[in-house]
Amino acid sequence: MTQTTNQNNTVIKQESYGVQYLPCQIAIIGTGIVGIATAYYLAKNHGLTDIVLIDRNQPMTFTSAQSGENYRNWWPHPVMVAFTNRSIDLLEDIATESNNRINMNRRGYSLVTRNTDIDEIVKQLNAGLGATADDLIRYHTSSASPQYQSPVDPDWESAPSGVDILQNQDLIRRIFPSYAQDIQTVIHIRRGGDISGQQLGMHMLETLKGTGLTRITGSVEGVEQSNGFRIEINGKDGVEHIKADKIVNAAGPFADNIAKMLDVDLPIYNTFQQKIAFEDRAKAIPRDMPFSIDLDGQNIDWSDDDRAMLLEEPRFRWLAEAMPGSIHCRPDGGDKGNWVKLGWAYNDNPATATWEPQLDDNFPDIVLRGAARLNPKLKDYYGQLPRTMHHYGGWYSMTDVNWPLIGPMGPEGAFMNCAQSGFGTMAACASGELCAAWVAEAKLPSYSHAFSLAREDDAVLMRTLRESAKGVL
């Protein structure tokens, strides 16, 4: 059995029951951004550094590598608003201390619709912002509207907060020239934008160097509670064993598998979602366009012949029928870049997570034609997406209320940080901080209960969350 050392080159194997175990205070299963952030805040906030990070792959190479890398503080519930505001505060701290290594910008989220009746959206905004809503929601119905701050500057430090609602078509066309002419309303969420999730993870890992953190590459084959936790890992050099006082399940779409090893059933499921990114040689998308979401449902822009052919084929008929809204589009690579990202999370079929991506070869054409409804110049790419186009996808692990699960996970000493759906990057800092506080038995923030399994016993809260989840993008 080869010896295992930590980053200080100290031999730390020990014998137990005839098996050599690597002892540690805390074992974290999963080295996506959520697991890394948990380790980061255990060390940063609580001085806990006797940590082993375990993953089948290298850090940030599975679900985290497929992130849209966007962030926002808009949700139709004040607890989620508080949670993501805290996460953005922490992201801004990291941007400041790292000279913005994480490439944080803040042009916001632009929610776009062809409707003028937006009472339901305003209701959700008011629910999320609570008592501050009157001060934070601003209406712009004039073509001049000098009080509206255009998202020309990506600087997160000077960007406004709150929400700007634009309902003048001349104003919309001037600020957002790439949008279709029939757009009637833009709801501009100002505390939002994008970051480099990979750089965020690398910053955290580099900060942890020299603290005593140990990384093990291998798949977890078993977890047993026995005077702490004994973890069996199948690594490239054979079987490894860990003995940990506490464990954190941050295994993303495989979190339920880990939980079952401790006879815990988590109320989570997985769906597979896809995106594409490509070089925008036609300059269809302005570099200063915010992350834009077309809220309206639609029928995809097929030719008459293609539509007729799709309608005749039972497997593809759904593509010729009404499709949901919420297509995503944004520039990628900063102001000097020339790539764009498109996404459309229309798949709501639960599935068992796999290590191999479940890509649909038709998706690039589907999302391109859907996104061209909001940004018509994308039609230039019909039938001729660049060969360098990147088609990728990842698993959304989620609960029925689309909120994460963070906190104790059944047996004493077992914790979880999972079910981050499509918002793992934006919530990583707050979720890592919260999970670290649970593990360290430190003071918890006011929202901790709402993200723990204890919420399942709160009928009033769960009913509220299920109602609010209907409005989440």
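Predicted, not measured: the structure shown is a model, and the values here were computed from it.

## Focus on the overall build of the protein chain
Alright, step 1. If you tally the helices and strands in the protein chain, you get 11 helices and 19 strands.
Alright, step 2. With respect to the three principal axes, the spread of C-alpha positions in the protein chain is 75 × 50 × 45 Å.
Alright, step 3. For the protein chain, contacts bridging at least 24 residues in sequence account for 74% of all contacts bridging at least 6.
Alright, step 4. For the protein chain, the exposed surface amounts to about 20200 Å²; the carbon and sulfur share of it is 47%.
Alright, step 5. Averaged over its 42 positive side-chain charges, the protein chain has a centre that lies 4 Å from the centre of its 58 negative ones.

## Brief notes about the packing of aromatic side chains
Alright, step 1. A full pass over the atoms with the stated rule returns 16 aromatic pairs.
Alright, step 2. Here a set of aromatic residues connected by ring pairs shows up, and it is made of Phe83, Trp403, Tyr447 and Phe451.
Alright, step 3. A cation over a ring is seen here: Arg72 above Trp75, with NZ or CZ 3.9 Å from the ring centre.
Alright, step 4. In this structure, Arg369 packs its charged tip against the face of Tyr382, placed 4.2 Å from the ring centre.

## So, the side chain of Glu92
Alright, step 1. Summarising the element assignment, Glu92 is placed in helix 2 (residues 78-97).
Alright, step 2. Classification of Glu92 as buried rests on a relative accessible area of 13%.
Alright, step 3. A distance of 3.5 Å separates the side chain of Glu92 from the side chain of Arg106, its partner in a polar contact.
Alright, step 4. With near-sequence residues (within four places) excluded, Glu92 lies in contact with Met104, Arg106, Trp156 and Arg191.

## Regarding the environment of Gly30
Alright, step 1. Mapped onto the elements, Gly30 comes out in the loop between strand 2 (19-29) and helix 1 (33-46).
Alright, step 2. The exposure class of Gly30 is buried, given its relative accessible area of 6%.
Alright, step 3. Separated by 129 residues in sequence, Gly30 and Ala159 place their C-alpha atoms 34 Å apart.
Alright, step 4. Residues in contact with Gly30, not counting those within four places in the same chain, are Gly35, Leu53, Ile54, Asp55, Ala250 and Ala251.

## Observations concerning helix 10 (residues 424-440)
Alright, step 1. If you look at helix 10, its biggest bend is around 35°, right at Ala430.
Alright, step 2. Burial analysis of helix 10 places 15 of its 17 residues in the buried class, the great majority of the element.
Alright, step 3. One or two positions beyond helix 10, positive phi appears at Glu441, with a value near 55°.

## Examining helix 1
Alright, step 1. If you check helix 1, its first and last C-alpha atoms are 19 Å apart, about what 14 residues at 1.5 Å a residue would give, namely 20 Å.
Alright, step 2. In terms of burial, helix 1 is a largely internal element, 11 of the 14 residues being buried.
Alright, step 3. Within the span of helix 1, buried status applies to Ile33, Val34, Gly35, Ile36, Ala37, Thr38, Ala39, Tyr40, Tyr41, Leu42 and Ala43.

Here is what the cut-offs are and how they apply
- Residues numbered from 1 in each chain as written.
- Predicted model: local features only at pLDDT ≥ 70, side-chain atom pairs only at ≥ 80, totals over all residues.
- Heavy atoms only, no water.
- Helix = DSSP H or I, 4+ residues; strand = E, 2+ residues; numbered from the N terminus.
- Contact = heavy atoms within 4.5 Å.
- Areas by Shrake-Rupley, 256 points an atom, 1.4 Å probe, with all protein chains shown as cover.
- Lys, Arg positive; Asp, Glu negative; His and termini not counted.
- Charge placed at Lys NZ, Arg CZ, Asp CG, Glu CD.
- Phe/Tyr/Trp six-rings, centres within 6.5 Å; stacked < 30°, edge-to-face > 60°.
- Lys NZ or Arg CZ within 6 Å of the ring centre and 35° of its normal.
- Buried < 20%, exposed > 50% of the residue type's maximum accessible area, 1.4 Å probe, protein only.
- Polar contact = N/O pair within 3.5 Å; in protein donor to acceptor, adjacent residues only side chain to side chain.
- Bend = angle between axes of the 7 residues up to and from the residue.
- Expected span 1.5 Å × (residues − 1).

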